[in-house]
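Given next are the chains, with one letter for each unit.
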Amino acid sequence: MIDVRLLRNDPEGVRRALARRAKPELLEQLDIASSLDDRLRVITLERDDLRRQVNELSKQVGALRKAGDVAASEAAMEASRELGERERSLAGESDDLSASLHDVMLRITNIPHPDSPDGAGEHDNPVVKGPVNMPATFADHQRVPHWETGTALGILDNERATKISGAMFTMQRGLGATMARALCQLALDRNADAFEEVRPPTLVSTATLTATGHLPKFADDAFAIERDGLWAIPTAEVPLTSLYAGEILDEPDMPARVMAHTSCFRREAGSAGRDTRGMLRTHEFDKVEILAVALPDQAAAMLDELVTRCEGTIAALGLPYRIIEICTGDLGQSHHRSFDIEVYAPGCDRWLEVSSVSWFSDYQARRADIRFRRPGQKGTEIAHTLNGSALAVPRVWAAIVENYRQADGSVRIPDALLPYMRGATVIPAQ
RNA sequence: GGAACGAUGGCAGAGUGGCCAAAUGCAUCCGCCUUGAAAGCGGAAGCCUCGCAAGGGGCCGGGGGUUCAAAUCCCUCUCGUUCCGCCA
């Protein structure tokens, strides 16, 4: 959530900043929020004053009783009763208003960073680095889609995955499964110098999924287990962010850094029929996420660090990649500033988004109530959260199978994965 | 799934209708002492919210109720602990 006070004190500034997202309906919501807030403040003031009077009278009742003045205490009780009735009806109105305001605020997007480039949609995202590791030409033997190679080598068995679970589920086998796991191991090992490894729950409560901004607006994108009120996480960002929910961190402990390898579940509603082959879009996949809870003035440097770390793993795998920055029109609801890393897959002849690194400013932390305290100072401040996909398995796996395919149809294992492959150096042609 | 007991400030833990925003301890901050630190001594200090301020309102797991007045009484939900059952 953005700060209601910001909306109150500088409505034009907020309006200008959100206008950069190029979503007209967003500005309408802003107006609704503003008018709800105005009304709420008037009513709250009036209600607080009534409460003050009731509180005073109640104190008097106690004092008068002690003094033995029964008649006066009865009179005070009667007066208080009347005020209390009016207070209750105002309180009802104020509760309704604040619930409506909260509901609107949950749907209003974060304010883009001033340096986020302007743009209307994903086609306006500028390339800020790369292509890197890009060979001048790709050989014909690399121009084979990973689903063909994967099936031929017996390392991808989507047919049976579909038998087991339905469309958009995948299954790796043999060295393909080993390589999927090796990728996670690599990503965890590369970040273990600074990030605590966590194995969080993958089923979470509604409150947890709301904290990161995935609810209420994107309920259709998540798998739900209605009977138990639980949701399957779309990313480890969800449980890792809420790891600190409701807590007050000490400044010296920040930034807090955690990472996790989890399954991620996405319904991919609205993308039915797209990317149906191979592993480009699946309902369930593995990912290693790295996440930081930082002081506001640490956040910009942390964003750079996360990008560098995620980039480093892709570079270590020797894959051709580039980095793009997300423009204001394509920025996610909770995002303040974001970069994507894309890998080139010669078999599909496409750039694949394999990592997304984002700074959420205080947007998620306000929802999750993650604060920090500076030693020696009164009060608390809201933290900043940031995270990035250190490695998302399926698309990287696909890019490796395509880039590393050799003329004889086998797939060479990238050097960086060799320590985790039980001695295998190649996935042999059948 | 059954039973019992719980949920109070950063943490631990008192408090069973008004003088309780809440004892006490730890942690924190300021001062004294000390070459410096620790210990000791004295003091400050909960969080959220409205307000320039003075000051007001709210918060004792969530929600509802009783009352002039609720941390305290009633209902309900959630979560935790322990025991039993089941189980990887």
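For the structure itself, consult the block above.
Residues numbered from 1 in each chain as written. Chains lettered and ligands numbered in written order. Predicted model: local features only at pLDDT ≥ 70, side-chain atom pairs only at ≥ 80, totals over all residues. Heavy atoms only, no water.

### Topic: the protein's contact with RNA strand B
Selection criterion: One heavy atom suffices: a residue is near a molecule or strand as soon as one of its heavy atoms comes within 4 Å of it. In the analysis that follows, any N or O atom pair within 3.5 Å is treated as a polar contact, provided that within protein one partner can donate a hydrogen and the other can accept it, and provided that, for residues neighboring in sequence, both atoms belong to side chains. Under the scheme used here, helices are H or I runs from DSSP no shorter than 4 residues and strands are E runs no shorter than 2 residues, and both carry numbers assigned from the N terminus.
Close to RNA strand B lie 22 residues; Arg8, Arg41, Ser80, Arg81 and Thr380 are nearest. For RNA strand B, the fraction of protein-proximal atoms (within 4 Å) that sit in sugar or phosphate groups is 74%. The side chain of Ser80 places a nitrogen or oxygen atom 2.3 Å from a sugar or linking oxygen of RNA strand B. With respect to RNA strand B, the side chain of Arg81 contributes an N or O atom lying 2.2 Å from a phosphate oxygen. Listing elements by their share of the surface near RNA strand B, those giving two or more residues are α1 (4–9), α3 (24–67), α4 (70–107) and β12 (371–373). Considering each element in turn, the surface near RNA strand B owes the most residues, 10 residues, to α3.

### So, the sheet that holds strand β4 (residues 224–225)
Here is the rule we go by: By definition, two strands form a pair when at least two bridges between them are found by DSSP.
In spatial order, the strands read β3-β5-β4; together these 3 strands make up an open sheet with antiparallel pairing. A strand with exactly one partner marks an edge of an open sheet, and here the two such strands are β3 (203–205) and β4.

### Remarks on unusual backbone geometry
Omega for the bond connecting Leu215 with Pro216 falls within 30 degrees of zero, at 5 degrees, which places this linkage in the cis form. If you trace the backbone, Pro216 turns up in the loop between α8 (206–211) and β4. The step from Met254 to Pro255 runs through a cis peptide bond, and the omega angle for that step is 0 degrees. Within the secondary structure, Pro255 is located in the loop between β6 (248–250) and β7 (256–265). Located in the positive-phi region is Arg422, a residue other than glycine, with phi close to 55 degrees.

### Overview of the side chain of His336
Heads up, the rule is: Only protein chains enter the accessibility calculation, which uses a 1.4 Å probe; a residue whose area is less than 20% of its type maximum is buried, one above 50% is exposed, and one in between is partly exposed. Contact between two residues is taken to exist if any of their heavy atoms lie within 4.5 Å; hydrogens are not considered.
Within the secondary structure, His336 sits in the loop between β9 (321–325) and β10 (337–345). Since its relative accessible area comes to 12%, His336 is described here as buried. Beyond its immediate chain neighbours, meaning those up to four positions away, His336 contacts Asn110, Ile111, Pro112, His113, Ser116, Leu331, Trp359, Phe360 and Ser361.

### Remarks on the environment of His113
Positionally, His113 belongs in the loop between α4 and β1 (127–132). Given the relative accessible area of 13%, His113 is considered buried. In contact with His113, other than residues within four places in its own chain, are Arg20, His336, Arg337 and Trp359.

### Focus on the pairing of β9
Burial runs high along β9: 4 of the 5 residues are buried. Both β1 and β9 contribute to a ladder of 3 bridges, which runs antiparallel. The partner of Lys129 across the bridge, within β9, is Ile323. In the sheet, β9 pairs with β10 via 5 bridges, with the strands oriented antiparallel. Looking across to β10, one finds that Ile323 is bridged to Ile341.

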